[in-house]
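# Observations on the three-dimensional arrangement
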Amino acid sequence: HLEEELKAKMREELRRLLHSMHITTLYVTHDQIEAMVMADRIAVMKKSLLQQVDTPDVIYSHPVNMFVGGFIGEPPMNFIHCSLGLSADALEFDGIRMPLDAETSKMLLTKHVSKVVVGVRDTHVHVSLDEKAGYVPAEITFIELRNEEMLLTVKVGGYFLSVTVKSSDALSIGRRIYVLFDYKLCNFFDEETEENLFKGAR
């Protein structure tokens with residue numbers, strides 16, 4: 001229960017101390033930012049059940065299920081429930097059709113699923129001020145300034161997604177923009193089990 005600046009200094013000091021003493025330490029915290037900053041390996045638990053054990057980078061980039069994806073990361077991972085056509089060439093949700101690249105489409109076809117939950121981080125969304133092929137329209141509903149970056153809340157269909165972009169005077173609440181997910185960095189989850197369809201890096 002420390003003020004934010006002192007808390008950050010204490011995390012840094014504790015990590016430096018543990019590394020200098022070469023002591024293996026089990027550190028328990030409910031603060032996922034604390035875990036990401038301090039840990040060499042993280043064990044994520046839910047109701048006493050172990051969900052995933054790995055390095056912070058792997059857990060952030062390749063969560064084994066939706067719980068881990070939503071728990072690790074600030075802001076949390078965006079989740080969009082989508083349908084796939086027979087050819088899995090596009091994501092469809094709320095009347096929106098977002099074309100998939102050939103590689104992602106081919107991989108999803110191997111899973112023989114008609115519905116998926118797409119998990120996309122706020123930094124893995126491409127934004128354009130102008131209409132482009134493959135991009136879908138979105139509306140900015142909120143802006144949070146973060147130094148040289150902006151954390152946008154954008155409405156796409158019925159979803160409100162977190163998107164991080166470089167600060168720009170061209171962006172304002174109510175502005176229409178166009179977005180596209182970076183599919184190589186997205187995660188795809190089974191809608192029923194909430195498990196990641198692709199374990200580890202794709």
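Before going into details, it helps to say that this report is about the structure given with it.

### Side note on the pairing of strand β9 (residues 149–156)
In this sheet, β9 lies alongside strand β8 (residues 136–146) in antiparallel orientation, the contact comprising 7 bridges. Bridging across to β9, Arg146 finds its partner in Glu149. Between β8 and β9, which follow one another and run antiparallel, lie 2 residues, and Asn147 among them has a positive phi close to 55 degrees. Taken together, the 8 bridges between β9 and strand β10 (residues 159–166) define a ladder with antiparallel strand orientation. Along β10, the bridge assignment pairs Glu149 with Lys166. In this antiparallel pair of consecutive strands, β9 and β10, the connection spans 2 residues, and Gly157 shows a positive phi of 60 degrees.

### Observations concerning the packing of aromatic side chains
For the structure shown, the criterion picks out 4 aromatic pairs. With 5.9 Å between their ring centres and 5 degrees between their planes, Phe67 and Phe71 make a pair best called stacked. Separated by 4 residues within a single helix, Phe67 and Phe71 lie in helix α4 (residues 66–71), roughly one turn from each other. Judged by its relative accessible area of 26%, Phe67 falls in the partly exposed class. With relative accessibility at 33%, the residue Phe71 sits in the partly exposed group. Ring centres 5.8 Å apart and planes at 75 degrees place the aromatic pair Phe79 and Phe189 in the edge-to-face group. Placement of the pair is Phe79 in strand β3 (residues 78–84) and Phe189 in strand β12 (residues 187–190), with a sequence separation of 110 residues.

### A word on the nonpolar core
Counting residues in hydrophobic clusters, the biggest one holds 37 residues, and the most contacted among them are Leu91, Phe181 and Phe188. Where this core is concerned, the elements lending two or more residues are β3, β4 (90–93), β5 (96–99), β6 (115–120), β8, β9, β10 and β11 (176–181). Looking at which element gives the most residues to this core, the answer is β11, with 5 residues. Residue contacts for Phe181: discarding those within four places in its chain leaves Ile80, Leu91, Met98, Val118, Val120, His124, Val125, His126, Leu161 and Cys186.

Cut-offs used in this document
Residues numbered from 1 in each chain as written. Predicted model: local features only at pLDDT ≥ 70, side-chain atom pairs only at ≥ 80, totals over all residues. Heavy atoms only, no water. Pairing = 2+ DSSP bridges. Helix = DSSP H or I, 4+ residues; strand = E, 2+ residues; numbered from the N terminus. Phe/Tyr/Trp six-rings, centres within 6.5 Å; stacked < 30°, edge-to-face > 60°. Buried < 20%, exposed > 50% of the residue type's maximum accessible area, 1.4 Å probe, protein only. Core = buried A, V, L, I, M, F, W, Y, C linked by side-chain atoms within 4.5 Å. Contact = heavy atoms within 4.5 Å.

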